[in-house]
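# Coordinates in review
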Amino acid sequence: FVPFISMLFLTLLLFFLALFPGAFNCCMKISDEIPKGILRRVERFELQKADGLCHLEAVILYIESRKFCVSPRIKKVKKWMKKNKHKIPRKKTHSRKQRRMKIIKKKEKKQ
């Protein structure tokens, strides 16, 4: 009976992870201060909204392989985000679609 319960628990856990992949990637704590030295080294950042699985509004700063969760209300961070909008990761369009658009544009120019 015990192996059945543990197998059921494992199955439910895997099912949960498949349905909600970001559930364990949320910031659980945020800092209200951040040194300028850290802001200078940020490679990219994401905004975490307080809806769905994540219950805190946060700015996630990525430096090398680490992530820092800070409050989006910090004036220094707001100012930095305005300057560094290019560091927000963008969704890539499908390469086939890009290729098709280039071909269409070339045909339009020739005509």
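Below you will find a few notes about this structure. (Residues numbered from 1 in each chain as written. Predicted model: local features only at pLDDT ≥ 70, side-chain atom pairs only at ≥ 80, totals over all residues. Heavy atoms only, no water.)

Looking at the largest pocket, its volume works out to about 210 Å³. Mapped onto the lining of the largest pocket, the elements with two or more residues apiece are strand 1 (44-48) and strand 2 (58-63). No other element matches the three residues that strand 1 contributes to the lining of the largest pocket. (1 Å grid on protein atoms, 1.4 Å probe; cavity = no way out; pocket = protein on both sides within 12 Å on 5 of 7 lines; lining within 4 Å. Points joined across faces, edges and corners; volume = space filled by probe spheres on them. Helix = DSSP H or I, 4+ residues; strand = E, 2+ residues; numbered from the N terminus.)

What follows covers the pairing of strand 3 (residues 66-70). The sheet contact formed by strand 2 and strand 3 spans five bridges and is antiparallel. Directly across from Ile63, in strand 3, lies its bridge partner Arg66. (Pairing = 2+ DSSP bridges.)

Taken together, the side chains of Met7, Phe9, Leu10, Leu13 and Leu14 present a nonpolar region at the surface, about 510 Å² in accessible area. Tracing the sequence through the fold places Leu14 in helix 1 (residues 2-19). (Patch = residues over 30% accessible without salt bridge, like charges linked within 9 Å, V, L, I, M, F, W, Y side chains within 5 Å. Areas by Shrake-Rupley, 256 points an atom, 1.4 Å probe, with all protein chains shown as cover. Salt bridge = Lys/Arg side-chain N within 4 Å of Asp/Glu carboxyl O.)

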